[in-house]
Amino acid sequence: MEKILEVKDLEVSFQTYGGSVKAVRGVSFDLHKGETLAIVGESGSGKSVTSQTIMKLIPMPPGQITGGKILFNGDDIVPKTDKEMEKIRGKEISMIFQDPMTSLNPTMKIGYQIMEGLIKHQNMSKQAAKQRAVELLSLVGIPMPEKRVNQYPHEFSGGMRQRAMIAIALAANPKLLIADEPTTALDVTIQAQILELMKDLQSKMDTSIIFITHDLGVVANVADRVAVMYAGQIVEMGTVDEIFYDPRHPYTWGLLASMPSVDNDDNQDLAAIPGTPPDLTNPPKGDAFAARNKYALAIDFEEEPPMYQISETHFAKTWLLHPDAPQVEPPDAVKKRIRQLSSTFKTPVLVKEDK
Amino acid sequence: MAKYIGKRLLYMILSLWLIVTATFFFMRIAPGNPFTSEKQLPPEIEANLNAHYGLDKPWYAQYGDYLLKVAKWDFGPSFKYKSQSVNDLINEGFPVSFILGLEAILIAVAFGLILGIIAALKHNRWQDYTAMIIAVAGISVPSFIMATFLQYFLAIKLGVFPVARFETFMHTVLPALALASTPMAFIARLTRSSMLEVMSNDYIKTAKAKGLSQGVITVKHAIRNALLPVVTYMGPLTAGILTGSFVIEKIFGIPGLGSHFVTSITNRDYTVIMGVTVFYSIILLASILLVDIAYGIIDPRIKLAGGKKGE
Ligand SMILES: Nc1ncnc2c1ncn2[C@@H]1O[C@H](COP(=O)(O)OP(=O)(O)OP(=O)(O)O)[C@@H](O)[C@H]1O
Ligand SMILES: [Mg+2]
């Protein structure tokens, strides 16, 4: 499959009065055409910063890309200027934000907010763009689109606004859609509808999607692959099956154990991960998760773990995969879902870093 | 919309009635009468004068007469200038004050907005600091000091503008500048903070994510939303320009309504004081109504009550 996006050792930091916040610390992943990658992780783990950096939407300054590459269709966008980025934003890569109540301009008609991208990227006339805006609104399932184009955001409900946001994002047929918690602010039934809509549109348009969420329940529903982020790093990445049925990183275990699920109906307590994420101004020595990790080894406090490869598609960054590491049992909630996956290597392979 | 405006007009009339009543009674409470400053008038003459102006009637009759006349847009004769009515004074002075006030408002709004927008776009850079130094100076220097300052440097030292009077356009520049300086500074600061607030909103990020340029984002998405608090300030701005004009017209020797008003107060010219107060109130109330209508046009979320409901 064709690779549309390759992120290599991306590092992003923010200059603040308290020092430099290292929000993204060496993130690498890639994305194929038509694929959906979910990025999960606690609040503050750097999901939004990572994804916004791909469009260079982080405020610079204080933000700064301190290292790495972002190859979009083989072309590095890190050195691109704002003018060059304008041709990519909205046209090649689009973004849907978390809060549909605040991400639409309150004093501009919905129709015009959709038309803007069309006029800019597809050189459409106003009439043609308006016609297309009506089509897009009906495509995202908004009834009476001819009337709705002329309305303002406050006349739309939350779910409809998010549909309108999707229409805006998809207006110019982007190759990559980044959805930053697109359903977090919506109630559950609307969430399901929006997810259905996104899946449906993806299959029609063959867009790749980066789907950010901290809801693992949503992940199983939409994603092909999952990247688990912690403290600015990807600590585990694999297909949905690998992450759900053969997780290897204690942080992923923690996330899975704290996930409420229907089949989890015996009186098992939801185990919240204790403690709080580290301060990214001074990331701790060793493994950033060590302090909250009851499986932490002595070396976790000394040296950052390397990435191990468990299958062709499955990676985890933990010392537990080292050949000399003690065998540990994942928490019960996780253990009972573990299955033997056929693609797993006999032993984890250390991923050599090519610096 | 028409219904809304009708309702507002009704409220305006109510407020005006309160204002007329209040001024009428304050005038009566104030010690002295219009004829006290003149030398000891013989009692017969004073009685005659009082009878001529209706001051011998009981207060409720005077009050009723006055209300009736005001309703007919007749503010009565001036007590001091025998040949002139208050209406004459207003008709004569207001056009001059209107030109001065309008010019000042235009200067304040135009330059205030420009300074504020530049400051916000160049946040924490030298442009921002420069604009804000100008704004702080504008706010802290009172208009009468600004006036003398402008007269001294631009008129007397450099001779670019005439020192006083009100004949050509050049005559209007200095008083309008003096009058505009404080509100301009206010608008600049208001616009700056409002722009900064708007630029940090999510929808600006949405606009950027669409691939729009900084210029388009500023003009189409930011300014309109940033303008809302500035529009709200237009009411107090009009009031400020009105009161500011009293002093400025005196300093520059401009024959406007403001200077008539000041003179009438020292003269205890009751009818002029009351007439001009009522007139000023009408202007203020009208400008507040205009501001509210403008607000409703700029911000679609505000449906003017009684207006057509959007579904
Ligand atoms: N403009 C900024 N200035 C300073 N620090 C920032 C800025 N934006 C983000 N950060 C920091 O970067 C880190 C990662 O933030 P990010 O928004 O990516 O988290 P997230 O994973 O998206 O969390 P959430 O689930 O709450 O959205 C946080 O520590 C945050 O404080
Ligand atoms: Mg986020």
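Residues numbered from 1 in each chain as written. Chains lettered and ligands numbered in written order. Predicted model: local features only at pLDDT ≥ 70, side-chain atom pairs only at ≥ 80, totals over all residues. Heavy atoms only, no water.

Looking at an unreviewed UniProt entry, chain B carries the name Oligopeptide transport system permease protein, with the source organism given as Cytobacillus eiseniae. For the record of chain B, the UniProt heading Sequence similarities (unreviewed entry) holds the text "Belongs to the binding-protein-dependent transport system permease family." The UniProt entry for chain B carries the following comment under Subcellular location (unreviewed entry): "Cell membrane". (UniProt positions renumbered as here; feature names shortened; annotations may be inferred.)

As recorded in an unreviewed UniProt entry, chain A goes by Oligopeptide transport system ATP-binding protein and comes from Cytobacillus eiseniae. Quoted straight from UniProt, the Sequence similarities (unreviewed entry) entry for chain A says "Belongs to the ABC transporter superfamily." Under the heading Subcellular location (unreviewed entry), UniProt records this for chain A: "Cell membrane".

Asks: What am I meant to see in the sheet that holds strand E9 (residues 225-230) of chain A here?
Replies: The pairing of strands in a sheet happens through backbone hydrogen bonds and is either parallel or antiparallel. Residues and elements named next belong to chain A. Taking strand neighbours across the sheet as the criterion, the nine strands line up as E6-E7-E8-E3-E9-E10-E12-E11-E13 in an open arrangement whose pairing is mixed. The open sheet has two free edges, formed respectively by strand E6 (93-96) and strand E13 (349-350), since each of these has just one partner strand. Note: strand E7 (residues 176-180) against strand E8 (residues 208-213), five bridges, orientation parallel. Bridge pairing in E8 links Ile 178 to Ile 210. (Pairing = 2+ DSSP bridges. Helix = DSSP H or I, 4+ residues; strand = E, 2+ residues; numbered from the N terminus.)

Asks: Help me understand the packing of helix H4 (residues 86-121) of chain B against helix H10 (residues 257-267) of chain B in this model?
Replies: Two packed helices can be described by the angle between their axes and the distance between those axes. Residues and elements named next belong to chain B. Close contact between H4 and H10 brings their axes to 7 Å; oriented N to C, the two are set at 130 degrees. Taken together, the axis directions place H4 and H10 in an arrangement best described as oblique. Facing Leu 89, Ile 90, Glu 92, Gly 93, Phe 94 and Ser 97 of H4, the residues of H10 in contact are Leu 257, Gly 258 and His 260. (Axes fitted to C-alpha atoms, helices over the stretch in contact; angles between N-to-C directions. Parallel < 35°, antiparallel > 145°, perpendicular 65-115°, else oblique. Contact = heavy atoms within 4.5 Å.)

Asks: Help me understand the interface of chain A and chain B, please; the structure alone is not making it clear to me.
Replies: Accessible area lost during the coming together of the parts is what is often quoted as the interface size. Chain A puts 33 residues into the contact, and the matching count from chain B is 21 residues. Approximately 2300 Å² of surface area, both sides summed, lies buried where chain A meets chain B, with 54% of it carried by carbon and sulfur atoms. A per-residue breakdown of the area chain A buries against chain B is headed by Pro 106, Thr 107 and Glu 116 of chain A, which together make up 24% of the total. Between chain A and chain B we count one salt bridge in total. Residue Glu 116 of chain A is joined to Lys 210 of chain B by a salt bridge in which the shortest nitrogen-to-oxygen separation is 2.6 Å. Inspection of the region where chain A meets chain B yields 15 residue pairs in polar contact (both at pLDDT 80 or more). For the side of chain A that touches chain B, the secondary structure elements donating two or more residues are helix H2 (82-86), E6, helix H3 (110-122) and helix H6 (158-170) of chain A. Ranked by the residues each element gives to the side of chain A that touches chain B, the list is headed by H3 of chain A, at six residues. Class assignment for the residues of the side of chain A that touches chain B results in twelve nonpolar, eleven polar and ten charged. (Buried area = accessible area lost by both parts, 1.4 Å probe. Salt bridge = Lys/Arg side-chain N within 4 Å of Asp/Glu carboxyl O. Polar contact = N/O pair within 3.5 Å; in protein donor to acceptor, adjacent residues only side chain to side chain. Nonpolar A, V, L, I, M, F, W, Y, C, P; charged D, E, K, R; others polar.)

Asks: Would you explain helix H7 (residues 169-199) of chain B in this entry?
Replies: With 31 residues, H7 of chain B should cover 45 Å at 1.5 Å per step; its first-to-last C-alpha distance of 39 Å lies more than 12% under that length. Of all the bends in H7 of chain B, the largest measures some 45 degrees and sits at Ser 181 of chain B, one to four residues before the proline Pro 183 of chain B. (Expected span 1.5 Å × (residues − 1). Bend = angle between axes of the 7 residues up to and from the residue.)

Asks: Would you mind showing me how to read the packing of aromatic side chains here?
Replies: The geometry of an aromatic ring pair comes down to the distance between the two centres and the angle between the two planes. By the definition in use, this model includes 19 aromatic pairs over all chains. Between Phe 24 of chain B and Phe 25 of chain B the ring centres are 5.2 Å apart and the planes differ by 85 degrees, which places this aromatic pair in the edge-to-face class. The exposure class of Phe 25 of chain B is partly exposed, given its relative accessible area of 28%. Following the ring pairs from residue to residue traces out a cluster consisting of Phe 24, Phe 25, Trp 59, Tyr 60, Tyr 63 and Tyr 66 of chain B. Sitting over the ring of Phe 156 of chain A, Arg 148 of chain A keeps its end group 5.2 Å from the ring centre. (Phe/Tyr/Trp six-rings, centres within 6.5 Å; stacked < 30°, edge-to-face > 60°. Buried < 20%, exposed > 50% of the residue type's maximum accessible area, 1.4 Å probe, protein only. Lys NZ or Arg CZ within 6 Å of the ring centre and 35° of its normal.)

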